[in-house]
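# Notes for the structure review
What follows is the residue order along each chain.
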Amino acid sequence: LSRSDSAASDPTWRKKHNDDNANDNKHDTSHMPLRLDIKRRLSQRSDRVKTVEIHPTEPWCLCAMYSGHCFLWNHANQQLVKSFDVSVDQPVRSAKFVPRKQWIVAGSDDMQIRVYNYNTLEKVKVFEAHSDYIRCIAVHPTLPQILSSSDDMTIKLWDWEKGWANMMVFEG
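Residues numbered from 1 in each chain as written. Predicted model: local features only at pLDDT ≥ 70, side-chain atom pairs only at ≥ 80, totals over all residues. Heavy atoms only, no water.

In this model, the protein carries a mean pLDDT of 85, and residues with pLDDT of at least 70 account for 76%. Confidence drops under a pLDDT of 50 for residues 1-8, and excluding neighbours within four residues, the segment shows 6 contacts in the predicted structure. Counting interchain partners and residues more than four positions distant, the pLDDT-below-50 stretch residues 19-25 has 0 contacts. (pLDDT = per-residue confidence, 0-100. Contact = heavy atoms within 4.5 Å.)

Turning our attention to the packing of aromatic side chains. All told, the structure shown has 9 aromatic pairs when counted by the stated rule. An angle of 85° between the planes, with centres 5.8 Å apart, marks the rings of F97 and Y118 as edge-to-face. Here F97 is found in strand 5 (residues 92-98), whereas its partner Y118 is found in the loop between strand 7 (112-117) and strand 8 (123-128), with 21 residues between them in sequence. The pair formed by F97 and Y118 is uniform in burial state, with each residue classed as buried. Where F127 meets W164, the ring centres are 5.6 Å apart and the plane angle is 35°; that geometry is what we call tilted. Note that F127 is positioned in strand 8 and W164 in the loop between strand 11 (154-159) and strand 12 (165-171), a separation of 37 residues in sequence. (Phe/Tyr/Trp six-rings, centres within 6.5 Å; stacked < 30°, edge-to-face > 60°. Helix = DSSP H or I, 4+ residues; strand = E, 2+ residues; numbered from the N terminus. Buried < 20%, exposed > 50% of the residue type's maximum accessible area, 1.4 Å probe, protein only.)

A few words now on the pairing of strand 9 (residues 134-139). The sheet contact formed by strand 9 and strand 10 (residues 145-150) spans 5 bridges and is antiparallel. Residue pairing across strands places V139 opposite I146, the latter belonging to strand 10. Hairpin connection of strand 9 to strand 10: 5 residues between the antiparallel strands. (Pairing = 2+ DSSP bridges.)

In this section: the sheet that holds strand 2 (residues 60-65). An order of 1-2-3-4 is seen for the 4 strands of this open sheet, with the pairing classed as antiparallel. Taken across any chain shown, the strands that pair with only one partner, and hence form the sheet edges, are strand 1 (49-54) and strand 4 (79-85). Here the average twist between neighbouring strands, direction ignored, is 20°. Pairing of strand 2 with strand 3 (residues 69-74) involves 5 bridges; the strand directions are antiparallel. Following the sheet pairing, C61 is matched in strand 3 by W73. (Axes fitted to C-alpha atoms, helices over the stretch in contact; angles between N-to-C directions.)

Before going further, it helps to spend a moment on the pattern of salt bridges. In this structure the tally under the stated criterion is 4 salt bridges. R93 is the partner of D109 in a salt bridge, and the nearest nitrogen-oxygen pair spans 2.6 Å. In this pair, D109 sits in the loop between strand 6 (103-108) and strand 7 while R93 sits in strand 5, placing the two residues 16 residues apart along the sequence. Taken individually, D109 and R93 each receive the classification buried, so the pair is uniform in this respect. (Salt bridge = Lys/Arg side-chain N within 4 Å of Asp/Glu carboxyl O.)

Ranked by internal contacts, the top residues of the largest apolar core, which has 14 residues, are L62, C70, V86, A95, F97 and I104. For this core, the secondary-structure elements that each account for two or more residues are strand 2, strand 3, strand 5 and strand 6. Non-local contacts of V86, meaning those with residues more than four positions away in its chain, are made with G68, H69, C70, V92, A106, R114 and Y116. (Core = buried A, V, L, I, M, F, W, Y, C linked by side-chain atoms within 4.5 Å.)

Secondary-structure assignment places H75 in the loop between strand 3 and strand 4. Along the sequence, H75 and I54 sit 21 residues apart, while their C-alpha atoms lie 9.2 Å from each other.

Listed below in C-alpha cells is the structure:
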C-alpha cells in the first residue's frame, strides 16, 4: 500500500488503515497447521522424481525421473502400467498428459521435447525446443498448444496442429 506524505499526516487515513489491518488479522490462518487427509499412498523406491502429473480421467500418475525415465503408475492399485526411456542419462524435468490426443509430452535436459502416444508408447514427435535445460511444460486446456520454459531464459509457444511450429517466444 503506497501513500503520499499528505496521507501519512492525515489521522483519518491512519485510523482507516489501522482498522483495515486489524480486520485482516482476525482472519489470519497462517499460524494454523495445514491438515491433509491422505486417502491413498503410492510408495515405490526410485531415483529422484522431478515431476508428477495426474491424469484427469484415468487412475494414472505420471512420474518423470532424474534418470531420464518416465513411469506411468495406476494409483488405484499401485501397479506399474508402463515405463519408458525419454532421455539417456539426462533428467526429465517436466512431463504432461494431453488426454484429448492420448499423448505424454516430456521435456528434458537434452533440450528436446518428446511426444509419446501413451497407449502404444510410439514417439509422435521429437524436436529441439530450447538451447538449455527445459524446466516446465504447460498444456493449453482447449487449444492445440503447449508452452515450454527453459534455462535459456525463454518461454516458447508450440502449436501441434501446425506441425509443432514455434508460434511465439517470450524472453526474460
